[in-house]
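A structural walkthrough
What follows is each chain in one-letter form.
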Amino acid sequence: MNRRWHNGPMRLLAPLWSRATYRGWVWIILGGALMMPFMMVGAIGRNAINPDNGFNGIIEPAVFAAVLPLVAAASLLLPDREVERTAARRLLGAEFASPADDDSWNSRWRTGCWFTLHAAIGGVLSGATLALVPYACYLLYYGARATFTGHDATPDFFIGDIAELGLLTGPLFLAALIALIAATTAGMRALAPRLLGQGANDRLAASRAEAARLAARNRIARELHDSVGHALSVVVVQSEAASRLIAHDPAFASQAMAAVGETARGALAELDAVIGALREDRDDARAPQRDLGDLATLTAESGVAVDLRVTGDPETLGRLASREIYRIVQEALTNVLRHADEPRAAVTVDVGAAEAFVTVASPAARRPRGRPGGRGLIGMAERAAVLGGTAAADWHAGEWTVRAAVPIETKGRE
């Protein structure tokens, strides 16, 4: 209970010695400095209308209210956006990201609102500072004089008891001013991201850019999984076959190791291309990604006995569709190499008028079971779905078949 009672007053008094309060006070005084030229213009106008009152319009509330529209109009023309953001970050401690398009109307009117608030609040609280700080000092002086010397004479502009109790009322006035400064700057700190930070359009653009970045990363992950995973599977199978047959069939072992070397070199080239896509200093000389035209090379190097048939006109396929069909076949052959009863498959690619149909069939005496962590079928379905197609696999009568349908893209749309 005592600790709770102790922490409560300490939290209330914390603004008195917080650096944030006094940095915010500087921000408020800057706002008063921004407001002063507009108040002088208003006072000149007031004096022109009513010369008998002299130049007192600079402290009149009516003049203050009258010049606020002028402040708002000027804020849209002044190059104040970055200055206001820097002051809010450094003096108020506000945290926000700057808008992507600083010259947009949305950014300008929000910053204009902030500038107007800064000048208006600064004008009021700077005036209060100029009045209350000397007043509190005077109260302390006359309170000490009345307390220690018994002299109770006070100037006419002091109210009796307030001056006589100046040792108490002086600090109270000053503490009230500091509390008002702290509350105001805390409210402006919370408001800064809305008026100086990114708007709804900026956040939407940032979300789209982030979604595009994640999609690109997922695509690169699929490329690495398909190309490098397939190559490593071929290397493992061919090297194991070569090690078993090197004593009995050196010619076959030599052929298998040559295939291992060729596959590894191809995988390194593709890995270099994918990693190059991640580098900011990449050039445009990266190797092109493989597509349907490389399907014969893929089947020859896959380590699977492939019966390949391509019907229709592959030239009608767009580049993206051609690449995705290549990757689907590559992943299907990788699965054949890993899971089929025998390393052989029948691959059919039928390019029709509206869709290209892919079929990869391999022997399987039993329905294959899903392998923990395996993403082959998921990756094929994702690749087809990106183009608006489908990919699925089923087992029937001792045969495992992967089927995919990909819409044909016209080259003009790429």
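Residues numbered from 1 in each chain as written. Predicted model: local features only at pLDDT ≥ 70, side-chain atom pairs only at ≥ 80, totals over all residues. Heavy atoms only, no water.

**Describing helix 4 (residues 81–92)**
In this model helix 4 runs 16 Å from its N-terminal to its C-terminal C-alpha over twelve residues, within 8% of the 16 Å that 1.5 Å per residue would give. Within the span of helix 4, buried status applies to Arg81, Glu84, Arg85, Ala87, Ala88, Leu91 and Leu92. Down the axis of helix 4, the buried set is contained in an arc of 165°. They therefore lie on one face. Exposed residues on helix 4 whose side chains face more than 90 degrees from its buried face are Val83 and Arg90. The first or second residue beyond helix 4 is Gly93, which carries a positive phi of 75°. (Helix = DSSP H or I, 4+ residues; strand = E, 2+ residues; numbered from the N terminus. Expected span 1.5 Å × (residues − 1). Buried < 20%, exposed > 50% of the residue type's maximum accessible area, 1.4 Å probe, protein only. Arc of directions from axis to C-beta.)

**As for the pattern of salt bridges**
For the structure on display, the rule yields three salt bridges. The residue Arg85 makes a salt bridge to Glu82 at a minimum N-O spacing of 3.6 Å. In this pair, Arg85 and Glu82 both sit in helix 4, three residues apart, roughly one turn of the helix. Its relative accessible area of 1% is what places Arg85 among the buried residues. The salt bridge partner of Arg344 is Glu342, with a shortest N-O separation of 2.8 Å. Taking the relative accessible area as the measure of exposure, Arg344 reaches 41% and is therefore partly exposed. (Salt bridge = Lys/Arg side-chain N within 4 Å of Asp/Glu carboxyl O.)

**Some details on the UniProt feature "transmembrane region" (unreviewed entry) in the protein chain**
As recorded in UniProt, the feature "transmembrane region" (unreviewed entry) lies at residues 21–45, 57–78, 114–142 and 162–186. A helix fraction of 100% and a strand fraction of 0% characterise residues 114–142, whose end C-alpha atoms lie 41 Å from each other. For residues 162–186, the end-to-end C-alpha separation is 30 Å, with 96% helix and 0% strand making up the annotated structure. (UniProt positions renumbered as here; feature names shortened; annotations may be inferred.)

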